[in-house]
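# Secondary and tertiary structure notes
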Amino acid sequence: MSSVAERVETDTSPSEETVLVRPTSGWVFVDFKELWRYRELFYFLAWRDIKVRYKQTVLGAAWAVLQPVITMIIFSIFFGRLAKIPSDGVPYPIFAYTALIPWTFFAFALTNSSNSLVGGASLITKVYFPRLAIPVSSVIAGLLDFGIAFIVLIGMMLFYGIYPTPAVIALPFFVLLTLVTVLGIGLWLSALNVEYRDIRYTVPFLTQVWMFATPIAYPSSMVPEQWRIVYGLNPMAGVVEGFRWALLGVADPSGPMLAVSTTVAVLMLVSGMFYFRRMERKFADII
Amino acid sequence: MSDVVIRAEGLGKQYRIGERQAQYETIRDVLSNAASAVFRQSQNGNKPDETFWALKDVSFEVKRGEVLGVIGRNGAGKSTLLKVLTRITEPTEGYAEIRGRVGSLLEIGTGFHPELTGRDNIYLSGAIMGMKRAEIIRKFDDIIEFAGIERFIDTPVKRYSSGMYTRLAFAVAAHLEPEILLVDEVLAVGDAAFQRKCLGKMSEIAGEGRTVLFVSHNMAAISELCRECMVLESGAVLLIANTDEAILTYLSTDGEVAIDSSIMERQIDHDGSVDFTQALVLDSSGNATRNIHFGEPITIAISFRVNRPLNAVRIGFEIATVTGLAIASSHYPVEEPTYMNYEPGHYTLRAEVEHFLRAGRYVVRVGGHHANAARNGASIGRVMDAAIFDIIPISFESARLAQYENGLIAMFPRWQLLQKAGETLSTSRREQP
């Protein structure tokens, strides 16, 4: 008996953690220490999403490229050729494609993350883990497609003979800004979707409207100067202009507009985290 | 060694009635409720949301290395308790303190994705249940071996048979190594051999000095694994005691005794001369019940009203399986002459039955027929599902019998093993029910 006791003691001593289960109330912020402990789960959930996504498809990962490329072709024909929309002095196809890369990622990650909790209902009602892992990993899973689409852009740049300026070092910042934006909105929508299933029907419409409010098919220089700051309230406007500036070296993004975009994105993320944590307690009961 | 690892203090969980059914609302509902709330306030019908307590004032302690069973009727709050302790849902009041790494097993196959292969699902499900990647890699071969699916490890689990799926799912769960394990009813799946394997694994875990909270309807499993049990009723703790006492309490809290006056409406082949009014199953102390311990005699009580003088009839019952297979029947009277004459009035027939029924659920049919030459066998009325009862395997022996042996009934043979010389090598005791 004593030997068993000893073994148990040595077994348990390293993880002598105490969990207090009690009602909580009010606003709480994200428990980053706990997220860190569950970091492998983020990886596995994202890995699952990626593995499952193109199962039983003929074209597989080619879909990651086809969507932005086909959109680019359509935009080039209708907006570039027919409507003759200016493209800041670079060929219209690459002008559009550079914007479509972050946009496709954004739209895809937004749709997936907002439906992620409802889709993961069977997990939420059966096992505990930080619920943030579900929407966050569905956003992370979108990064692979983003990377694949990016390779095509490099090919296009070589084809058109456009080489990045030193501004390219700012690119990681704009990628990060995209992530912050999509996470912020995604957290809000996924948590809202648990309680109000209207969200599911709103998101496709929302992304469509949002695309036209973002300078993808047209340059933001078409927006009158005095409205730029208001335009920056859409963080994706800052992202898209930033991508073009960093990669194609066209049109410096206007500083105030970028500042507004960044502020809005960060506010969305922080408020999204608070809202998510507040709603989290009810998820298992109402999902 | 005697330190407390789970301490629950006044735990309560309140649900809004309708919340579970309605599940989620649309924004339109919110708007229309808000609108109607304005009107309601002006009238007097401003009644608050109806609520109920799925758990109320639940306090208990579990010491390190203890295996506590949790039993109770459906809706007694067992699953809610586990959901609160595993932090899936928050309690409404009270608190619980849990010391040590918690693993929970509320269903098997949590996190399985049908499109992924067995190999992928082991990683995925393991990670979701809280295993580290390195830990999964280390146990990978054991898991496959336990599940016995080596050949199909790279096949998507959607192509697995349900047995394979269950085995794999349990294998992953069984290799969690938490200090505290919270388990819900997972043994209720799979075939008998697999259930044995699960039970074996569970007692292995318990034997390793881990703390286990085990929720089950399977009294045999409970009595094998747990020395102590908590009985829940309507969300409250009814009793925490040693397992035998707890099981007896649980069985006696049976709320759904089959006193069923509507059996008159279910009569068939009915000529109006007699109405069956009640059929009861009684235990050995004469109480109406649905649960009979394995091996204990059953008493069947049939009440009926004779509406007009009846000559030469036999009235009795038949015991059948729930699938409708008749096992045995008996009619009164059994001695010559094997029929009775009844004057109008109320009667009750009671039959105490020694039986060899195995653990399981049975149906009692009641009925009567003519015994005279002219109308021999013609029915005077029957009720095909007059009462239902369960034979409960209260001892572990009876459960083992139920799992290892085949057939409709149990036997208690006295076995002998003889060698050529005729010398008796061993004699088994007659297995006692």
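Worth saying up front: this structure is predicted, and the values here are computed from it rather than measured. (Residues numbered from 1 in each chain as written. Chains lettered and ligands numbered in written order. Predicted model: local features only at pLDDT ≥ 70, side-chain atom pairs only at ≥ 80, totals over all residues.)

Turning next to the overall build of chain A. When you go through chain A residue by residue, the secondary structure sums to twelve helices and one strand. The order of helices and strands in chain A, counted from the N terminus, is α-β-α-α-α-α-α-α-α-α-α-α-α. By its C-alpha atoms, chain A is 85 × 40 × 35 Å across when sized along the principal axes. Counted over contacts in chain A with a minimum sequence separation of 6, partners at least 24 positions apart contribute 81%. (Helix = DSSP H or I, 4+ residues; strand = E, 2+ residues; numbered from the N terminus. Contact = placed C-beta atoms within 7 Å.)

Another aspect to go through is the sheet that holds strand 17 (residues 345-353) of chain B. All names here are of chain B. Strand order in the open sheet formed by three strands is 11-13-17, and the pairing between neighbours is antiparallel. Two strands bound the open sheet, and with one partner strand each, they are strand 11 (274-282) and strand 17. Strand-to-strand twist across the sheet, computed as the mean angle between neighbouring axes with direction ignored, equals 15°. Summarising the sheet, strand 13 (residues 298-306) and strand 17 pair through nine bridges and their orientation is antiparallel. (Pairing = 2+ DSSP bridges. Axes fitted to C-alpha atoms, helices over the stretch in contact; angles between N-to-C directions.)

Let's shift gears to the interface of chain A and chain B. Facing the 36 residues of chain A at the interface are 46 residues of chain B. Mapped onto the side of chain A that touches chain B, the elements with two or more residues apiece are helix 1 (2-12), strand 1 (18-21), helix 3 (39-53), helix 8 (171-195) and helix 12 (255-286) of chain A. Per element, the largest residue contribution to the side of chain A that touches chain B is six residues, and it comes from helix 3 of chain A. When grouped by side-chain class, the residues that make up the side of chain A that touches chain B number 18 nonpolar, five polar and 13 charged. (Nonpolar A, V, L, I, M, F, W, Y, C, P; charged D, E, K, R; others polar.)

Turning our eyes to something else, we now look at the packing of helix 8 of chain A against helix 12 of chain A. All names here are of chain A. Their axes nearest at 7 Å, the elements helix 8 and helix 12 cross at an angle of 30°. Classified by the interaxial angle, the pair formed by helix 8 and helix 12 is roughly parallel. In this structure, helix 8 meets helix 12 at a crossing whose hand is left-handed. Mapping the contact onto sequence places Leu 177, Val 180, Thr 181, Leu 183, Gly 184, Ile 185, Leu 187, Trp 188, Ala 191, Val 194 and Glu 195 in helix 8 and Thr 262, Ala 265, Val 266, Met 268, Leu 269, Gly 272, Met 273, Tyr 275, Phe 276, Met 279, Phe 283 and Ile 286 in helix 12. (Parallel < 35°, antiparallel > 145°, perpendicular 65-115°, else oblique. Left-handed = near helix turned anticlockwise from the far one by under 90°.)

Looking at chain A as a whole, the pLDDT averages 88, with 94% of positions reaching at least 70. When the criterion is pLDDT under 50, residues 1-14 of chain A qualifies, and its contacts beyond four places in sequence or with other chains add up to six contacts. (pLDDT = per-residue confidence, 0-100.)

Spatial strand order, 1(A)-4(B)-1(B)-2(B): four strands in an open sheet with antiparallel pairing. The strands lining the two open edges of the sheet, one partner per strand, are strand 1 of chain A together with strand 2 (51-63) of chain B. Each adjacent strand pair in this sheet contributes to an overall mean axis angle of 15°, direction not counted. Where strand 1 (residues 4-16) of chain B and strand 4 (residues 93-99) of chain B come together, five bridges link them in antiparallel fashion. Note that in strand 4 of chain B the partner of Arg7(B) across the bridge is Glu97(B). Across the face of the sheet, helix 3 (residues 78-85) of chain B comes into contact with strand 1 of chain A together with strand 1, strand 2 and strand 4 of chain B while running at roughly 65° to strand 2 of chain B.

Another point: the nonpolar core. By size, the foremost hydrophobic cluster in this structure holds 184 residues, and its most contacted members are Ala96(A), Val70(B), Leu182(B), Phe214(B), Cys229(B), Ala279(B) and Val364(B). Looking at this core, you find at least three residues from each of domain 1 (4-252) and domain 2 (261-392) of chain B. Ignoring anything within four residues of it in the chain, the contact list for Ala96(A) reads Met72(A), Phe75(A), Ser76(A), Ile216(A) and Ala217(A). (Core = buried A, V, L, I, M, F, W, Y, C linked by C-beta atoms within 7 Å. Buried ≥ 20, exposed ≤ 12 C-beta atoms within 10 Å, placed from the backbone. Domains from an automatic or database assignment.)

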